[in-house]
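Next come the chains, spelled out residue by residue.
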Amino acid sequence: MKDKKLEVGYTMIGISETKHAIMKEPLLSPFGFKGAYLTELWQSVAGLRAQDGALSIGIGVQSVLWSDPRVFARYGEASGNGLMADLTQYALALADNAEFDTPLELLDRLFPDVYEYGRKHVGLSDLRSTFALNALVAVDHAAWGLYSRGKSMCFEELVPDKYRSALSERQRKLASIPVVAYGLSEESIEQMLQEGYFLLKIKIGADPDRDGDQAKMLEWDQQRLSQIHRIASRYETTYTRNGKIAYYLDANGRYDGKERMMRFLDHADRIGALERIVLLEEPFDEANVIDVSDLPVRLAADESVHDERDAQERIDMGYGAIALKPVAKTMSMSLKVAKLARDRGVPCFCADLTASPILADWNKTLASYLSPLPELTIGAIEMNGRQNYRNWDRMKSWHPCANAAWTEANEGIFKLDDRFFDISGGALEISPYYERLLDNKGGRQE
């Protein structure tokens, strides 16, 4: 009798083989946030083969510093990355010979065991869930690839009915949000604005002397905002409702409370920058339960939202936006959170984790179905890989649609055509380069 999971139209997918490889991609210069710096980002490549022979490849980018800074501080950059790679390999071992209906169902099955393994393996009983989710991105991406085989590659048709309400109309234009890291020069900021970028993601929460002094941090942040605002005030845009360059501030949980945060926002008001702040992301550590409904800007939750329950808690605390990160917390979890937020009338947007070109288009796929932020006239997505990877052009050549117009911003805007939507930006296609990597080498690669 024919195995039901191989019958046409039957949704059960059986996994017969898994593979994993790691590539270490150097950055152009140390990338500063959360009070520390990265020098390279490990790229995780996961291969899943179905019992009918179909192959899918998923990509992930590891960021130990973003997902749990304590792991970065305890083990350092390389060893911390090694620990996260171990979680991905563990997840793939669990997935081998598993069956699933949808990628969301597979994630639900894998996450508890992977997280528990991570707690013991890393040695932190309260390891942040984002560490495990970050490790699962490549596996989830590959699962979506298998799930799409024999179906339309159009993302809105792939999303299960239960979560399809999270998607809005197609956005034909997406603003590319560049990141303004701690050390980015005035000349580079000026160049961004000249090229047409109008929504700047500004990293605050710097630790200038690396001694944890909050007073010094606040002073540095105030001076940095004044510096950027002085430059940006010379430019205008047609893509914000007030015609001014907009700011998206990311504190990465560095502020110790509302009083200090208000002092920063008072400074922003004094210099005329407050009205330009469309988002203030994660000002406080996620362990701090602080009502933020009285702060004079829209606060966005990112690292503090691991699942729908966390999203609900943050919305109840007054957060007015949620950063979705398919490239950091899996597409499957992002869809769950997006549905809850849309049901509550809270806008979402897609933020980056310095994703590779293929993974960036996977992020772009979800961003293209989200409604614009209220202050903007078009959708938006953070994308900073070109700014930060030393070998970005080489990495882009591995994209199945490397020459497609949608892969690069033109005057700060990604323009999406019908083909982008028809094939989900090419993010679920097989990359010959990554296929060869998995077939010929496997394991961890330099």
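Residues numbered from 1 in each chain as written. Predicted model: local features only at pLDDT ≥ 70, side-chain atom pairs only at ≥ 80, totals over all residues. Heavy atoms only, no water.

Concerning the nonpolar core
- Counting 164 residues, the largest nonpolar core has Trp-144 and Phe-155 as the members making the most contacts within it.
- With 13 residues, helix 4 (residues 129-148) is the largest single contributor of residues to this core.
- Sequence-distant contacts of Trp-144, that is, excluding residues within four places in its chain, are made with Pro-103, Leu-104, Phe-155, Leu-158, Val-159, Pro-160, Met-331, Ser-332, Leu-335, Trp-362 and Leu-428. (Core = buried A, V, L, I, M, F, W, Y, C linked by side-chain atoms within 4.5 Å. Buried < 20%, exposed > 50% of the residue type's maximum accessible area, 1.4 Å probe, protein only. Helix = DSSP H or I, 4+ residues; strand = E, 2+ residues; numbered from the N terminus. Contact = heavy atoms within 4.5 Å.)

Focus: the pattern of salt bridges
- All told, the structure shown has 37 salt bridges when counted by the stated rule.
- The partner of Arg-234 in a salt bridge is Glu-190, with the nearest N and O atoms 2.6 Å apart. With Arg-234 in the loop between helix 7 (214-232) and strand 8 (246-250) and Glu-190 in helix 6 (residues 186-194), the pair connects residues that are 44 residues apart, well separated along the chain.
- One salt bridge in this structure joins Arg-344 and Asp-316, with 3.3 Å as the shortest N-O distance. Here the residue Arg-344 occupies a position in the loop between helix 11 (331-343) and strand 12 (348-350), and Asp-316 occupies one in helix 9 (residues 308-316), the gap between them amounting to 28 residues.
- Assessed through its relative accessible area of 40%, Arg-344 is described here as partly exposed. (Salt bridge = Lys/Arg side-chain N within 4 Å of Asp/Glu carboxyl O.)

Points about the confidence of the model for the protein chain
- Averaged over every residue, the pLDDT of the protein chain is 94; the share at 70 or more is 96%.
- Low confidence marks residues 1-10, where pLDDT is under 50. Its contacts with residues over four positions away, or in another chain, come to ten contacts. (pLDDT = per-residue confidence, 0-100.)

Structural notes on the side chain of Thr-354
- With respect to the helices and strands, the residue Thr-354 is situated in the loop between strand 12 and helix 12 (357-367).
- Under the relative-accessibility criterion, Thr-354 is labelled buried at 3%.
- Here the side chain of Thr-354 touches Asn-384 through a polar contact of 2.8 Å, side chain to side chain. (Polar contact = N/O pair within 3.5 Å; in protein donor to acceptor, adjacent residues only side chain to side chain.)

Observations concerning the packing of aromatic side chains
- One pass over the structure, following the stated rule, counts 20 aromatic pairs.
- With a centroid separation of 4.1 Å and an interplanar angle of 5°, the aromatic rings of Tyr-90 and Tyr-117 are classed as stacked. Linking Tyr-90 in helix 2 (residues 69-95) with Tyr-117 in helix 3 (residues 103-122), this pair joins segments that are 27 residues apart in sequence.
- Judged by its relative accessible area of 26%, Tyr-117 falls in the partly exposed class.
- Centre to centre, the rings of Trp-406 and Phe-420 are 5.5 Å apart; their planes meet at 75°, and the pair counts as edge-to-face. Placement of the pair is Trp-406 in the loop between helix 14 (392-396) and strand 14 (413-415) and Phe-420 in helix 15 (residues 418-422), with a sequence separation of 14 residues.
- A relative accessible area of 3% means that Trp-406 is categorised as buried.
- With relative accessibility at 1%, the residue Phe-420 sits in the buried group.
- When the ring centre of Tyr-147 is taken as reference, the NZ or CZ atom of Lys-151 above it lies at 4.2 Å. (Phe/Tyr/Trp six-rings, centres within 6.5 Å; stacked < 30°, edge-to-face > 60°. Lys NZ or Arg CZ within 6 Å of the ring centre and 35° of its normal.)

Remarks on helix 9
- Of the positions making up helix 9, those classed as buried are Asp-310, Ala-311, Arg-314 and Ile-315. Along the long axis of helix 9, the arc covered by the buried residues comes to 135°, so they all point the same way. Those residues of helix 9 that are exposed and angled more than 90 degrees off the buried face are Arg-309 and Asp-316.
- For helix 9, the secondary structure elements touched by its buried residues are strand 10 (299-301), strand 11 (321-324) and helix 11.
- The residue sitting at the N-terminus of helix 9 and contributing the capping side-chain oxygen is Asp-307; that oxygen lies 3.2 Å from the backbone nitrogen of Arg-309.
- In the stretch just after helix 9, Gly-318 is the one whose phi turns positive, near 105°. (Arc of directions from axis to C-beta.)

A look at unusual backbone geometry
- The backbone of Asn-97 shows a phi angle near 70°, a positive value even though the residue is not glycine.
- By secondary structure assignment, the location of Asn-97 is in the loop between helix 2 and strand 4 (99-100).
- The phi dihedral of Asn-252 is positive, around 50°, even though this residue is not glycine.
- Its location among the elements puts Asn-252 in the loop between strand 8 and helix 8 (258-270).
- Overall, Asn-252 belongs to the buried group, its relative accessible area being 7%.

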